[in-house]
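Structure assessment
The lines below spell out each chain.
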Amino acid sequence: MSSSLTRFKSPHTSFAHAVEFGDWKVFVPGPVPIESHLLAIGNQQLPYNRTEAFSEITHEIQLGLLQLFQTEGSVALLTASGTAAMEAAAINFLDVSTKVLVVNGGTFGQRWSDLCTVHSIPFEELCVPPGADIDLSQLESILLKGRFSALLINAHETSTGHLYDIEAIGKIVRTHGCLFVVDAISSICADPFTMDAWGVDVCILSSQKALALPPGLSFVALNRRSVALLEKRKPKSLYFNLKDYLANQLRGQSPYTPAIGLMLQLHQRLADIQSQTLPVLVAQHKQRAEHFRHAIQDLAFAVFPSRCSNAMTALACEGMDAGQVVERLRDHYRIIVAPGAGSLKSKTIRVAHMGAQNPNDVGFLTQALAEINATSRRTKR
Ligand SMILES: *Cc1c(COP(=O)(O)O)cnc(C)c1O
């Protein structure tokens, strides 16, 4: 204990410190607090992975992942952060000869554009104001005019808290025959998501959001259509050659050394989700989100996005600087929330409903917000 005190000189910003001392309350949208029995698995010596026993674990993980995505296709498991899975999706299916439409409603939509730029993939953007919904008829007419080969979107734009209607967008995308690529990193497990039923061809998830594991694993799910399409594509990366991952996974292995410890944690987490059931896990996030939004409804914090994910609530701070709210929560209450991203930094705060949260801590947070609200009203008078 005392040695970590000296190691983390800035306790207010140290997540490790927060967990270790238990009295920090963490509500950031990833990495999220992890259940202790899962943390304990990460504390064990690693088994050798080139064995039958480990192949068995990998096969079980694959079945669990197919259920999370709700697809009958395949899921490639990468040792990398979520952005790497986005990059893998882009470079395995897109190139200079394709034309892509990116829905850009925040910093994660922007990331799709950045990936296209880096890899010389021609793209156009459908820019959506932060927190606003996509205009489906506008999307329809852009797709009609443009002859696009793919649409890239984030299910939940985590920088604004907005949740796009992937089912409705999928219906439109399907009629134009383009590849539908969805980054659902901060949505799956928190919001309903059915990949095959919604016509999503390629879908991305990572470990540190509603899956509530440490960061380091990410997943590229392919439906049957994109599995077939992948067969015809020439790989442009060694590490991110998805064909290689799918081929190795058939025998329960991966081409390169995976994050074995994280996989064991994932194996347990998927078993937990299976016994709890995915709909119950989603309902738990919904209940947390609704409870929080109800508790702050009389304060000068307005829910920012027009369509919210259960994973997080972005709040517009009316008449207050959001950065100061974040600091006050940290310094006076030992509560960590995230500031808004990009242009929203001084306008919004973001409160996640993911991970191992204690209902009492949520009560403490809403109380703290009420006090900050009252103080700011008093000083204004
Ligand atoms: C967290 C997140 C990512 C991935 O971020 P990494 O830091 O690379 O894991 C990508 N997209 C969305 C929507 C996210 O919320």
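All of these numbers come straight from a predicted model, not from anything done at the bench. (Residues numbered from 1 in each chain as written. Predicted model: local features only at pLDDT ≥ 70, side-chain atom pairs only at ≥ 80, totals over all residues. Heavy atoms only, no water.)

1. Topic: the overall build of the protein chain
Filter applied, for reference: A helix here means a DSSP run of H or I that spans at least four residues, while a strand means a run of E at least two residues long, and both kinds are numbered starting from the N terminus. C-alpha atoms define the radius of gyration in this analysis, and the globule rule sets the expected value at 2.2 Å times the number of residues to the power 0.38. Whether a residue is buried, partly exposed or exposed follows from its accessible area with a 1.4 Å probe, protein chains only, as a fraction of its type maximum: under 20%, in between, or over 50%, in that order. Every residue pair with non-hydrogen atoms within 4.5 Å of one another is taken to be in contact. Only the protein chains shown count as covering a residue, and every accessible area follows the Shrake-Rupley method with a 1.4 Å probe. Positive charges come from Lys and Arg alone, negative charges from Asp and Glu alone, with His and the N- and C-terminal ends not counted. Just so you know, the charge point we use is NZ for Lys, CZ for Arg, CG for Asp and CD for Glu.
Counting its secondary structure elements, the protein chain contains 14 helices and 15 strands. Relative to a compact globule of 381 residues, whose C-alpha radius of gyration would be 21 Å, the protein chain shows 21 Å and is just as compact. Taking the principal axes of the C-alpha coordinates as reference, the protein chain spans close to 65 × 55 × 35 Å. Of all 381 residues assigned to the protein chain, the portion counted as buried reaches 55%. Residue pairs at least 24 apart in sequence account for 70% of intrachain contacts in the protein chain once pairs closer than 6 positions are excluded. Surface accessibility of the protein chain: about 16600 Å² in total, with carbon and sulfur atoms responsible for 55%. Counting 34 positive and 33 negative side-chain charges, the protein chain places the centres of these two groups 4 Å from one another.

2. As for the confidence of the model for the protein chain
Atomic detail in the predicted coordinates should be set aside for any region of low pLDDT. Put simply, the test is: In predicted models, pLDDT denotes the confidence assigned by the predictor to each residue on a 0 to 100 scale.
For the protein chain, per-residue confidence averages 93 on the pLDDT scale, and residues scoring 70 or more make up 94% of the total. Ignoring residues within four places in sequence, the model shows residues 1-21, a span with pLDDT below 50, making 22 contacts including any to other chains.

3. Re the domain arrangement of the protein chain
For clarity, the cut-off: For the domains described, the bounds stem from an automatic or database domain assignment. The term buried area means the drop in 1.4 Å probe accessible area that two parts suffer when joined, counted for both and summed. Take a side-chain nitrogen of Lys or Arg and a carboxyl oxygen of Asp or Glu: if they are within 4 Å of each other, that pair is a salt bridge. The definition of a polar contact used here is a pair of N or O atoms within 3.5 Å, where within protein one atom must be able to donate a hydrogen and the other to accept one, and adjacent residues in sequence count solely through side-chain atom pairs.
When the domains of the protein chain are assigned, the result is domain 1 (15-30 + 278-380) and domain 2 (37-276). Between the C-alpha centres of domain 1 and domain 2 the distance comes to 27 Å. Facing the 24 residues of domain 1 at the interface are 29 residues of domain 2. Taken together, both faces of the contact between domain 1 and domain 2 bury some 2100 Å²; the carbon and sulfur share is 60%. Looking only at domain 1, the three residues that lose the most surface to domain 2 are Leu278, Leu281 and Arg307, adding up to 30% of its buried area. Applying the counting criterion to the domain 1 and domain 2 interface returns 1 salt bridge. Viewed at the interface, domain 2 and domain 1 are joined by 12 residue pairs in polar contact (both at pLDDT 80 or more). Of all elements in the fold, only helix H12 (278-295) and strand E12 (312-317) reach the threshold of two or more residues within the side of domain 1 that touches domain 2.

4. Details of the site of the ligand
The cut-off we apply is this: Any residue with a non-hydrogen atom lying within 4 Å of a molecule or strand is treated as near it. The classification used treats Ala, Val, Leu, Ile, Met, Phe, Trp, Tyr, Cys and Pro as nonpolar, Asp, Glu, Lys and Arg as charged, and all other residues, Gly among them, as polar.
Inspection of the region around the ligand gives 13 residues, with Ser81, Thr83, Thr158, Asp183 and Lys209 positioned closest. Contact between the ligand and Ser81: an oxygen atom at 2.5 Å from a side-chain N or O atom of the residue. Here Thr158 contributes a side-chain N or O atom positioned 2.5 Å from an oxygen atom of the ligand. Within the complex, 87% of the 390 Å² of free accessible area of the ligand lies under protein. Going through the elements one at a time, helix H5 (82-93) and helix H6 (107-118) are the ones with two or more residues in the shell around the ligand. The residue inventory of the shell around the ligand, partitioned by class, reads 3 nonpolar, 7 polar and 3 charged.

5. A few points about unusual backbone geometry
Cis peptide bonds are those with omega within 30 degrees of zero, and the linkage from Gly30 to Pro31 qualifies with -5°. When you line up the elements, Pro31 lands in the loop between strand E1 (25-26) and helix H3 (36-41). At Thr277, a position not held by glycine, the phi torsion is positive, near 80°. When you line up the elements, Thr277 lands in the loop between helix H11 (260-276) and H12.

6. Quick notes on the sheet that holds strand E14 (residues 338-339)
Operational definition: Between any two strands, pairing holds if DSSP finds at least two bridges. Axes, fitted as lines to C-alpha atoms, cover a helix only where it is in contact. Angles between the N-to-C directions of the axes lie from 0 to 180 degrees.
Strand order in the open sheet made by the 4 strands is E11-E12-E15-E14, with antiparallel pairing throughout. Each edge of the sheet is formed by a strand with only one pairing partner; in this case those strands are strand E11 (301-303) and E14. One ladder, built from 2 bridges, connects E14 with strand E15 (residues 348-352); its direction is antiparallel. The residue of E15 that forms the bridge with Ala338 is Arg350. Strands in contact with H12 are E11, E12 and E15; relative to E12, the strand with the most contacts, it is inclined by about 20°. Docked against the sheet, helix H13 (residues 322-333) engages E11, E12, E14 and E15, running at close to 45° with respect to E15.

7. A look at the pattern of salt bridges
Enumeration over the complete set of coordinates arrives at 7 salt bridges. A salt bridge links Asp201 to Arg225; its shortest N-O distance comes to 2.8 Å. Here the residue Asp201 occupies a position in the loop between strand E8 (179-183) and strand E9 (202-206), and Arg225 occupies one in helix H9 (residues 224-231), the gap between them amounting to 24 residues. Look at Asp201 and you get buried, because its relative accessible area is 3%. For the salt bridge of Glu290 with Lys286, the shortest nitrogen-to-oxygen distance reads 3.1 Å. Of the two residues, Glu290 and Lys286 both sit in helix H12, 4 residues apart, roughly one turn of that helix.

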